[in-house]
Amino acid sequence: SPDYEAGFRSEWFDHRLQANLTGYYMEWDGRPIQTSYFDPKTQNFVFATTSGGKSRADGFEFTLLAVPMEGLKLQASGALLTTRWITFGSANVTPTTPWAYSPKWTFHLAAQYDFIIPSNQSDVTLRADWGYVGNYQLDGEIERQTPGGQPAYGILNTRIQYTPSDANWNVQ
């Protein structure tokens, strides 16, 4: 199965701006799929791994990092993932059957500012991160996937850190 990846890494303005971009394409033959069914003879559910046939994933990822002034760092990254089934093997899949744990879009934004308090030379860091994950299926088993899957969500984290000068501890 062919896998291809190409990209570029770049830095500008005396390393104050970095930009990275990667594109990829991957194929699988006989990608394993979990399935289950009720066996009327044994009156039990049977869990099996079968061949999902041929499948493909492609997309891109990007990262930007900027240091516009002393102490300030800005970051942005994101990815687009497209998955599809090409042939269907023995599993119950269609071209639109989603892959588990494969959101189409993910993003991350961050800002961090570091500074020194002049009166006591202590370090202070202010940071905020926001991450976004598009909707995706939580279950690898085709029969248990729910319409729409896990809804898309975003998470915001913030942090303030104080480190006294000449100390090996900090408060967050």
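Scroll up to find the structure this text is about.
Since the model is a prediction, treat every value here as computed from it, not as a measurement.

A. View of the environment of alanine 19. Structurally, the position occupied by alanine 19 is in strand β2 (residues 17-29). Note: C-alpha distance between alanine 19 and arginine 9 (10 residues apart in sequence) is 6.2 Å. Excluding anything up to four places from it in sequence, alanine 19 contacts Phe8, Arg9, Ser10, Trp12, Thr63 and Leu64.

B. Representation of the packing of aromatic side chains in the model. Under the defined criterion, the tally for this structure stands at 9 aromatic pairs. With a centroid separation of 6.4 Å and 40 degrees between ring planes, the pair formed by tyrosine 101 and tyrosine 136 is classed as tilted. Of this pair, tyrosine 101 sits in the loop between β6 (72-85) and β7 (105-117) while tyrosine 136 sits in the loop between β8 (122-133) and β9 (153-163); the two residues are 35 residues apart in sequence, bridging distant segments of the chain. On the accessibility criterion, tyrosine 136 (15% relative accessible area) is buried.

C. Spotlight on the sheet that holds β6. On the basis of which strands lie adjacent, the open sheet formed by 7 strands has the order β1-β2-β5-β6-β7-β8-β9 and antiparallel pairing. The open sheet has two free edges, formed respectively by β1 (3-12) and β9, since each of these has just one partner strand. Recorded for the sheet is a direction-independent mean angle of 10 degrees between the axes of neighbouring strands. With 10 bridges connecting them, β1 and β2 associate as antiparallel partners. Residue pairing for β2: arginine 9 is matched across the bridge by asparagine 20.

D. Structural context of the environment of threonine 87. If you trace the backbone, threonine 87 turns up in the loop between β6 and β7. Note: C-alpha distance between threonine 87 and lysine 54 (33 residues apart in sequence) is 4.9 Å. Setting aside its immediate chain neighbours within four residues, threonine 87 contacts Gly52, Gly53 and Lys54.

E. Structural view of unusual backbone geometry. One non-glycine residue with positive phi stands out, namely phenylalanine 13, at about 50 degrees. The residue phenylalanine 13 is located in the loop between β1 and β2 in this model. For phenylalanine 13, a relative accessible area of 62% corresponds to the exposed category. A positive phi is found at glutamine 121, a non-glycine position, where the angle reads about 60 degrees.

Conventions we followed
Residues numbered from 1 in each chain as written. Predicted model: local features only at pLDDT ≥ 70, side-chain atom pairs only at ≥ 80, totals over all residues. Heavy atoms only, no water. Helix = DSSP H or I, 4+ residues; strand = E, 2+ residues; numbered from the N terminus. Contact = heavy atoms within 4.5 Å. Phe/Tyr/Trp six-rings, centres within 6.5 Å; stacked < 30°, edge-to-face > 60°. Buried < 20%, exposed > 50% of the residue type's maximum accessible area, 1.4 Å probe, protein only. Pairing = 2+ DSSP bridges. Axes fitted to C-alpha atoms, helices over the stretch in contact; angles between N-to-C directions.

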